[in-house]
Amino acid sequence: MWDDAFPSFLIGLREGLEAGLIVSILIATLVRAEARSRLPQVWTGVLAAIAVAMSFGAVLTFTAASLSATAQEAFGGTLSVIAVAFVTAMVFWMRRSARSLSGELREKVTGALAMGSGMLVLTSFLAVGREGLETALFLWTTARAAGESAGPLTGAAIGLVLAAGLCRGLYRRVLKINLTRFFTATGAVLIVIAAGVLGYGLRDLQEGGVLPGGTAYAVDLAGSVDAGSWYGTLVQGVFNLTPTMTWLQVVAYVAYLVVVMTLFVRGVRATAPKPAAERSAPEPEAARPQRRRPVWVIPAAVVAVPAVLAGLVVALSRPKPAGDQTVAVSETECGKGFTAPKPGRQTFQMHNTGGKTSEVYLIDPSTSAVYGEIEGLAPGTTRDLVATVAGGTYAWRCVPTDGKAVTSEAVRVSGGGAAKPVVPVSAQDLAAPLTAYKTYVEQGLATLVNQTRTLDDDIEGGHLDRARTDWLTAHRTYASLGAAYGTFEDFDQKIDGRPDGLPNGVQDKDFTGFLRLEHGLWHGEPAKDLRAPAQQLADAAAGLRKAFPTQEFDPGDLPLRAHEILENTLQFELTGDTDQGSGTGLATADANLAGTRELLTVLQPLLTSRAPRLLPTVDADIARLQKLLDAAHRGEGWTPVDRLDAAARHRLNGATGQLLEDLAPVPDLLEIRKSA
């Protein structure tokens, strides 16, 4: 967590110390002027600045949460770039102003004392408020980059508490700090951190479609650098540098760092002007009668006003229901109460008034493209459907269970913006990919039959060394057919069943297939004890080949398997859970990856037309994972999973997890929807 906390700790310490010094100087000036009665006005201004900063942070958080995923990337990227600009300006301002800050503030306080309490509140508010807003913006940016980690908030809290302690020590004159050197050193570090934030923000803008070059990678070290390792986490958390970076990120990072750091260092080396002579403390103010009011009124107001304004902004930015009425759904009427919504992120309250469970889709009636959906809306229930609406034509389509689809009247929405619907897929669309994949499986099963017969012959002849080699060859062939396992019925258990759940485990009579032979071949069982399992395996492979052409293969399984094959790989092969002694889990993982690649090949036309950026990203992920698997393959041997060092295992798991994350949209993109 410290990796994510350090940048926020530094900004909290630096900004907190800066704001604390300002408050200390204000208080010291009033004390010297014997105007202690004015101290509550300073604290009121400080409290108002804190309230505004916290309200600003709340507005950023809740406004971003109401945006679409693409809009969130663009919003976050824009604010990251703005945060870099603010931090850069703050670093240079403090470098110039550190020496003369005290005199300037005393002059402002002197003027404020003469102009009344309102000006003193405003002076302290403006002096602290700038630091508060900068801190809120930078913390929001770093917290967003850290995801769910609590590191940024923890680091900022520690930095602010430490800054408060230092300021108290300086005010009491029990501490001495060379503030010029402090702000110079922290400024240099912040410039390096800001360069990373700039790169991160530009990447967000690329992913949000604002900037081009999202797939033009200048650095791609994901295959050799483990992003989950301690050093990878440290570099990414502190500097926002990732193993994979685009050309725009790299150029912007280097250019910012070179230009800004050069200007900063030159400014530090330049001869600083001597501090202006301090003016004498203002004369004690004359006592004058003041109208007394409850001491809590002004502090309460300065906290309540920003909070209320922030609440209004958040409320106005939240998704709004598409009308005063809910949208009714039934088996005879769909979309009752639906009126043309405004462009933007909208929430529709769908209420099933009929007697059957329904699927509900918001569609473009001309193409049946789906903008949003609810599956299984039960009778009498109401659920929210959130969708992004842009200019175009919209209608509701309701598909009740065992009923005919009902489509509402279309409405026209005027306005700009962009909404990306999912073009529906029908069973007919998947017919050609299914035929191609079934041909691939049939060829693989023919090969499998020959290979299991060879394995049976090896064991029958007592050639166990040869059998171990031929076992791995046959097992890899079967593992490469993973997308069809749902159609293999009972054959899959006979061919590749695990001993989990069997009463006698590996000794159970129902433990058969590849893993049974693996256990025997690598645990010293004699050939005579393996002949029956080998014969059973060869017979099961031949039976599967014969039965497969008549087995039902649901075309909807193809998109699901694109994700599930490697999901099982991560769960079983990369943990060593299925290893029965051969140590070839990575060989099986390699075969699973080959099967996934074949499946994506047959699905390529459908995916390219619906998500053109998906496959290039997935291809890069596959290449990284393949490189890691190849590194564990030496000649005919494979490194067992349990013999990999921690860094290598982290890299494999990380690369597989990233690939799974990028494959996750495939089932949704190619789902066979009833609205089609």
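The structure we're discussing is the one just above.
Before going into details, it helps to say that this report is about the structure given with it. What you see is a predicted model, and the numbers here were worked out from it, not measured in a lab. (Residues numbered from 1 in each chain as written. Predicted model: local features only at pLDDT ≥ 70, side-chain atom pairs only at ≥ 80, totals over all residues. Heavy atoms only, no water.)

Another aspect to go through is the overall build of the chain. The helix and strand inventory of the chain stands at 20 helices and 14 strands. The proportion of buried residues among the 676 residues of the chain is 48%. For the chain, long-range pairs separated by at least 24 residues make up 77% of all intrachain contacts whose partners lie at least 6 apart in sequence. For the chain, the exposed area adds up to about 32400 Å²; of that, 58% sits on carbon and sulfur atoms. (Helix = DSSP H or I, 4+ residues; strand = E, 2+ residues; numbered from the N terminus. Buried < 20%, exposed > 50% of the residue type's maximum accessible area, 1.4 Å probe, protein only. Contact = heavy atoms within 4.5 Å. Areas by Shrake-Rupley, 256 points an atom, 1.4 Å probe, with all protein chains shown as cover.)

If you look at the biggest cluster of nonpolar residues, it comprises 70 residues, and the most contacted ones within it are Leu586 and Leu607. Tallying contributions element by element places helix H17 (residues 585-610) first for this core, with ten residues. Judged by nonpolar contacts, the second largest core, of 24 residues, contains Val87, Ala156, Leu190 and Met261. (Core = buried A, V, L, I, M, F, W, Y, C linked by side-chain atoms within 4.5 Å.)

Let's shift gears to the pairing of strand S8 (residues 369-377). In this structure, strand S7 (residues 358-364) lies alongside S8, joined through six bridges in antiparallel fashion. Residue pairing for S8: Ile363 is matched across the bridge by Val370. Hairpin connection, S7 to S8: the antiparallel pair is bridged by four residues, and Ser368 has positive phi, about 65 degrees. (Pairing = 2+ DSSP bridges.)

Our focus in this paragraph is the packing of aromatic side chains. Counted according to the given criterion, the structure contains 13 aromatic pairs. On the basis of an interplanar angle of 75 degrees and a centroid distance of 6.4 Å, the ring pair of Trp471 and Phe514 is categorised as edge-to-face. You can see Trp471 sitting in helix H12 (residues 464-479) and its partner Phe514 sitting in helix H14 (residues 514-521), a full 43 residues away along the chain. Phe514 gets classed as buried once you look at its relative accessible area, which sits at 0%. Where Tyr478 meets Phe514, the ring centres are 6.2 Å apart and the plane angle is 40 degrees; that geometry is what we call tilted. Of this pair, Tyr478 sits in helix H12 while Phe514 sits in helix H14, placing them 36 residues apart in sequence. An aromatic cluster of three or more residues is present, and its members are Tyr437, Tyr440, Trp471, Tyr478, Phe488, Phe514, Trp522, Phe548 and Phe553. Positioned over the ring face of Phe491 is Lys494, at 5.5 Å from the centre of the ring. Over the face of the ring belonging to Phe572 we find Arg498, whose NZ or CZ atom lies 4.1 Å from the ring centre. (Phe/Tyr/Trp six-rings, centres within 6.5 Å; stacked < 30°, edge-to-face > 60°. Lys NZ or Arg CZ within 6 Å of the ring centre and 35° of its normal.)

This part takes up the state of the cysteines. Applying the stated criterion across every chain yields a total of one disulfide. Covalent S-S linkage joins Cys334 and Cys398, the inter-sulfur distance amounting to 1.9 Å. Across the S-S bond linking Cys334 and Cys398, the dihedral sits near 65 degrees, which makes this disulfide right-handed. Remark: Cys398 occurs in strand S10 (residues 392-400) and Cys334 occurs in strand S5 (residues 334-336); sequence separation between them is 64 residues. Like Cys334, the residue Cys398 is buried in the burial classification. (Disulfide = S-S within 2.5 Å.)

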